[in-house]
Amino acid sequence: MWAVVPGYSPGFKKPPETLRLKRKRVRGSEATSASGVSPAAACTRRDPASSPRPFPGVRRRNPFSRLENTPRPPPSPEPPTGLQEHNSTWKEEFSEKADVDLCSPVSPSNVSSSPSTEFPADWSIKTRLLFTSSEPFTWIDHLKAQEEAQGFVQHCRATSVNLPQSIQQSLVYWLHPSLPWLQMFPRIGTDRKMVGKASPWSHDAVLQQVLMSEWSISFSSLYNLLKAKLCPYFYVCTYQFTVLFRAAGLADSDVITAVISPTTRGLREAMKNEGIEFSLPFVEESRNRKRIGVEEQGVSSDDEGFSWLEEMGVQDKIKKPDAISIKLWKEKAEVQMDHKPESLALVKGTNAFTLLNFLINCKSLVASAGPQAGLPPTLLSPVAFRGATMQTLKARSVNVKKQVRSHYKDIFSLEIVGPVMPHSLHSLSMLLKAAQKGSFSAVLYTHEQTAVLGICNPNDKTETAYEDLTKCGIHLKTLDQLMQSSTLGKSSIRLLELSNYAYTWKS
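Remember, predicted model here, so these are calculated numbers, not experimental data.

About the cut-offs
- Residues numbered from 1 in each chain as written.
- Predicted model: local features only at pLDDT ≥ 70, side-chain atom pairs only at ≥ 80, totals over all residues.
- Heavy atoms only, no water.
- Core = buried A, V, L, I, M, F, W, Y, C linked by side-chain atoms within 4.5 Å.
- Buried < 20%, exposed > 50% of the residue type's maximum accessible area, 1.4 Å probe, protein only.
- Helix = DSSP H or I, 4+ residues; strand = E, 2+ residues; numbered from the N terminus.
- Contact = heavy atoms within 4.5 Å.
- Salt bridge = Lys/Arg side-chain N within 4 Å of Asp/Glu carboxyl O.
- pLDDT = per-residue confidence, 0-100.
- Pairing = 2+ DSSP bridges.
- Axes fitted to C-alpha atoms, helices over the stretch in contact; angles between N-to-C directions.
- Parallel < 35°, antiparallel > 145°, perpendicular 65-115°, else oblique.
- Nonpolar A, V, L, I, M, F, W, Y, C, P; charged D, E, K, R; others polar.
- Polar contact = N/O pair within 3.5 Å; in protein donor to acceptor, adjacent residues only side chain to side chain.

Caption draft 1: Structural context of the nonpolar core. Counting 96 residues, the largest nonpolar core has Trp123, Phe131, Tyr235, Phe245 and Leu355 as its most contacted members. For this core, the element with the most residues is helix α6 (residues 205–227), which contributes six residues. In contact with Phe245, other than residues within four places in its own chain, are Phe219, Tyr223, Leu226, Pro232, Tyr233, Phe234, Val236, Thr257, Ala258, Ala352, Leu355 and Leu359.

Below, the structure written as structure tokens:
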């Protein structure tokens, strides 16, 4: 082993060569000081190639570490496209990043084929948006009291948007329950942020019952608004999964739909026992692909497992798996997809109302232990409902300098923090399209557990679906986007760019 690394002395039986070289280096520095030249000046004049090093071109190793366990420096990750323009000033300004387990780093992979006047509907919840533009965002800062009040009224009355003064209207959302000292979104993976926070209901059964009773009333109110098409959609965020309820007419469906992700085998079995019919779109899609591939090879999907044994004439000598073994194998496959995107469940039509009752009466909906014990799920909605509290996304603008060759260029940014729902993303993009003269770039941070909620099964919509949804409280152009079938599949938009009033995106 010591023949591989020069100077390696097992057991320290020989004097380390590095110490001898260090003594020579000290003598050299004394000689330079004696000749009237300072050691600092000598170091600056010295040729790096001629400097005495124990192993030229090799970094000095730690003598107390084993060769096979010497840590290697991690490779420096390359910044993703769209973020290369951010220099060190960006890092100082935006040091508050979202958690890794909640918001994945931006790693765009799928690029839109060509610029478009509209981007596809993204049903995931964003936790942070970062807009950059060559035009300033000064019109956002220091809103007057009258402008802020006008934005709130325009939101509640669902009136038309006046650009660019109505930024406040695009930042409003409704929440239940509202506990100012607790972060109510996201709920998955945030236990460590709630540790030590006051939770008087955690050991009080009566208080827990009161909280759940009020939550059930708010949940039922939201569903009634959805059924009457006065609410386009809403989210139910539990500590284990997220449910997206969409009104009939949205996502290219003529009935109410509910999407649950992620799910477990226990949850799916409980839904089956309650008579809730649901589908697993990603699993069915994978099975269809395998079936088509088998049929293209000229093999029937029914006997593909044992037909080759008959061709070899050994079908009687090989023991085939019995029904119990096949059942256990299927159950293992179901358990393996738990907590994964493939476990997404889609509920449609009248089964959505059955799902409502199931969630209200489901005891496992609320954590029984831990920081979230006894705390009802979070309800997020774009419109007001019974028991809801009006909240606003946090927005701030920052001006930074970017070095371009020999000079610096002004870069203006706008940061939006909070649960950004689909209608807010589209509304902000429309507002900034006009205010920033048709050019901006946005980095979107997604709550990963909601990235796959855009799945939908296309159906023929009724002709009156659009007319019925015009009173749901969102802008008509945003409504047009949300009514279309999403093309993102399992992914969500990570980078959105607007150039000459045309969008391109990466997911």
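Caption draft 2: Highlighting the environment of Pro422. On the secondary structure map, Pro422 appears in helix α12 (residues 422–435). Taking the C-alpha atoms as reference points, Pro422 and Asp122, separated by 300 residues in sequence, lie 6.1 Å from one another.

Caption draft 3: View of the pattern of salt bridges. This model, assessed by the stated rule, comprises seven salt bridges. Lys126 serves as the salt-bridge partner of Asp122, at 2.8 Å between the closest nitrogen and oxygen. The exposure class of Asp122 is buried, given its relative accessible area of 4%. Lys126 gets classed as buried once you look at its relative accessible area, which sits at 0%. Across the salt bridge formed by Glu415 and Arg396, the nearest N and O atoms sit 2.8 Å from each other. With Glu415 in strand β11 (residues 407–420) and Arg396 in strand β10 (residues 394–404), this pair connects stretches of sequence that are 19 residues apart. You can call Arg396 partly exposed: its relative accessible area is 36%. It is possible to trace a salt-bridge network through shared partners that takes in Arg128, Arg396 and Glu415.

Caption draft 4: Structural view of the confidence of the model for the protein chain. Averaged over the protein chain, the pLDDT score is 77; the fraction of residues at 70 or greater is 64%. Every residue in residues 37–57 scores below 50 in pLDDT, and together they form 15 contacts with partners more than four places removed in sequence or on other chains.

Caption draft 5: Structural context of the pairing of strand β4 (residues 242–246). Among the five residues in β4, five count as buried, and that is most of the element. Residues Thr242, Leu244 and Arg246 line one face of β4 and the alternating positions Val243 and Phe245 line the opposite face, and both faces are buried. Bridging between strand β3 (residues 233–237) and β4 involves five bridges; their strand directions are antiparallel. Residue Tyr233 lies in a different strand from β4, and its bridge partner there is Arg246. Between β3 and β4, which pair antiparallel in sequence order, lie four residues. Pairing analysis gives five bridges linking β4 to strand β5 (residues 257–261), with the strands arranged antiparallel. Following the sheet pairing, Val243 is matched in β5 by Ile260.

Caption draft 6: Examining the packing of α6 against helix α11 (residues 351–361) more closely. In contact at an axis separation of 11 Å, α6 and α11 are set at 170° when each is read in the N-to-C sense. Relative to α11, the element α6 lies roughly antiparallel. Of the residues in α11, those touching α6 at Trp215, Ser216, Phe219, Ser220 and Tyr223 are Ala352, Phe353, Leu356, Leu359 and Ile360. In the contact of α6 with α11, the residues fall into eight nonpolar, two polar and no charged.

Caption draft 7: Focus on the environment of Arg268. With respect to the helices and strands, Arg268 occurs in helix α7 (residues 265–273). Taking relative accessible area as the criterion, Arg268 reaches 4% and is therefore assigned buried. For Arg268 and Ala345, which are 77 residues apart along the polypeptide, the C-alpha to C-alpha distance reads 8.4 Å. Here the side chain of Arg268 touches Thr263 through a polar contact of 2.9 Å, side chain to side chain.

Caption draft 8: Quick peek at the sheet that holds β11. One open sheet accounts for six strands, arranged β10-β11-β1-β12-β13-β14; its pairing is antiparallel. Pairing within the sheet leaves two strands with one partner each, and these edge strands are β10 and β14 (502–506). Ignoring strand direction, the axes of neighbouring strands in this sheet form an average angle of 20°. The pairing of β10 with β11 spans 11 bridges and is antiparallel. Paired with Asn399 across the strands is Phe412, a residue of β11. Relative to β11, α12 is tilted by about 150°, and along the sheet it contacts β1 (126–133), β11, β12 (439–446), β13 (495–499) and β14.

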